[in-house]
Amino acid sequence: MEQNKLSMVVFSGDMDKLMAAFIIATGAAATGMEVTMFFTFWGLQAIKKSEKTGKSFFGKLLGFMLKDINGVGPSKMNFGGIGRWMFKKMMKAKNVAMLNQLRDMAIELGVKLVPCQMSMEVMELTQDKLIPQVSQPVGVAAFLEEARNSKITLFI
Amino acid sequence: MAEQLKADLFLDLKGMLCPLPIVKLSQAIKDLPVGAIIEGVATDPGVMADVPAWAKASGQELISIEQQGKEYRFMIKKVK
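Presented here is an overview of the structure given in this document. (Residues numbered from 1 in each chain as written. Chains lettered and ligands numbered in written order. Predicted model: local features only at pLDDT ≥ 70, side-chain atom pairs only at ≥ 80, totals over all residues.)

## Details of the overall build of chain A
Test applied: Every helix listed is a DSSP run of H or I at least four residues long, and every strand listed is a run of E at least two residues long, numbered separately from the N terminus. Every radius of gyration here is taken over C-alpha atoms, with the globule rule written as 2.2 Å times N^0.38, N being the number of residues. Three classes are used. A residue is buried when 20 or more other C-beta atoms lie within 10 Å of its own, exposed when 12 or fewer do, and partly exposed in between, with C-beta atoms placed from the backbone. Contacts are defined on C-beta atoms placed from the backbone: any two residues whose C-beta positions lie within 7 Å are in contact.
Helix and strand counts for chain A stand at six helices and four strands. In sequence order, chain A lays out its α and β elements as β-α-β-α-α-α-β-α-α-β. For 156 residues, the compact-globule estimate of 2.2 N^0.38 gives 15 Å, and the C-alpha radius of gyration of chain A, at 15 Å, lies within 12% of that figure. Among the 156 residues that make up chain A, the fraction classed as buried is 40%. Considering only residue pairs separated by 6 or more positions, chain A has 72% of its internal contacts joining residues 24 or more positions apart.

## Considering the interface of chain B and chain A
On the side of chain A, 12 residues touch chain B, which itself brings 12 residues to the contact. When residues in the side of chain B that touches chain A are grouped by element, the largest group, four residues, is from helix α1 (residues 20-30) of chain B.

## Section: the environment of R73(B)
Residue and element names in this part refer to chain B. Looking at where R73 falls in the secondary structure, it is placed in strand β4 (residues 71-77). C-alpha of R73 to C-alpha of V47: the two residues are 26 residues apart in sequence and 9.2 Å apart in space. Ignoring any residue separated from it by four or fewer positions in sequence, one finds R73 in contact with V41, E66 and Q68.

## What about the sheet that holds strand β1 (residues 9-13) of chain B?
All names here are of chain B. Keep this limit in mind: When DSSP finds at least two bridges between two strands, those strands are taken to pair. For helices, the fitted line uses only the C-alpha atoms of the stretch in contact; every axis is such a line through C-alpha atoms, and the angle between N-to-C directions lies from 0 to 180 degrees.
Pairing is mixed in the open sheet, where four strands are placed in the order β1-β2-β4-β3. The open sheet terminates on both sides in strands that have one partner only, identified here as β1 and β3 (61-68). Across the sheet, the mean angle from the axis of one strand to that of its neighbour is 15°, orientation sign disregarded. In this structure, β3 lies alongside β4, joined through seven bridges in antiparallel fashion. Along β4, the bridge assignment pairs I65 with F74. Lying on the sheet, helix α2 (residues 47-58) is in contact with β2 (37-42), β3 and β4; it crosses β3 at an angle near 175°.

## Structural notes on helix α3 (residues 82-93) of chain A
The cut-off we apply is this: Residue count minus one, scaled by 1.5 Å, sets the expected span of a helix.
For α3(A), with 12 residues, the first-to-last C-alpha span of 17 Å sits near the 16 Å given by 1.5 Å per residue. Downstream of α3(A) by a residue or two, N95(A) has a phi angle that is positive, lying close to 65°.

## Here we look at the nonpolar core
Basically, it comes down to this: Under the definition applied here, buried Ala, Val, Leu, Ile, Met, Phe, Trp, Tyr and Cys residues are grouped into a nonpolar core through C-beta atoms within 7 Å.
Core analysis: the biggest nonpolar cluster contains 57 residues, and F22(A), A25(A), M37(A) and F39(A) have the highest contact counts within it. It is helix α1 (residues 15-30) of chain A that provides the largest number of residues to this core, a total of 10 residues.

## A closer look at the pairing of strand β2 (residues 34-39) of chain A
All names here are of chain A. Going by this rule: Convention used here: a crossover is right-handed provided that the path from the first strand, over the helix, to the second strand proceeds clockwise when the strands point away from the viewer.
Of all the six residues making up β2, five are buried; the element is thus mostly covered by neighbouring parts of the structure. In this view, the connection linking strand β1 (residues 3-10) to its parallel neighbour β2 by way of α1 has right-handed handedness. In this structure, β2 lies alongside strand β3 (residues 112-115), joined through four bridges in parallel fashion. If you follow M37 over to β3, its bridge partner there is L113.

## Let's talk about unusual backbone geometry
A cis amide bond links C18(B) with the next residue in sequence, P19(B), at an omega value of 5°. Unlike most non-glycine residues, F41(A) shows phi in positive territory, near 40°. Tracing the chain through its elements places F41(A) in the loop between β2 and α2 (57-65). The partly exposed category is assigned to F41(A), around which 17 C-beta atoms lie within 10 Å. The residue F79(A) is not glycine, and still its phi comes out positive at about 45°. With respect to the element layout, F79(A) can be found in the loop between α2 and α3. Classification of F79(A) as exposed rests on a count of 12 C-beta atoms within 10 Å.

Following this line, the structure appears as structure tokens:
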């Protein structure tokens, strides 16, 4: 049955796309919707602690490249971190909420943050490397079940 | 009309941009009793569309919203 819910797949780990995801999530939660965000692949960076991860050689290599929410850069014009720096400066000047503040706000408003089990396995991320507010990891069926009951579904 | 109503809570949303005005509004209204009136003032022109949409989606009553120079003032009544 369709409920007043929004479910979102957060696939991207780009700063700008994550901003869009968290702004929509907080906005929906503020209007009384039940919001679930499913983080998969690059999106997991948004709920990762700033710790190095990985067990195998490739896993460690990947862990070295993965960022946390404060380290992710924009999808365009990052230029090795200059873009991220510039955007943060401009957003601060205009008093726009930073990505980490948006995430805190989402948590405060009761948005559910759910990691994808399979991409955690592939990327060698364990639950203890994710922020404590995320729920237990789930699979595609759990997402589809949420999506089926949602008024709005998004893929970002 | 709106001028005669007395607000139970005044919300200063000046300088805030999307999604902050509606997030603050939703947090503020939670603690108020039904029938309470919130008066808000913002500088983000986006609130002219967002506050009415928020009121409609969350089932609260928008009493008024208007532009006064560079500010946007609105009044919301908590109805549920």
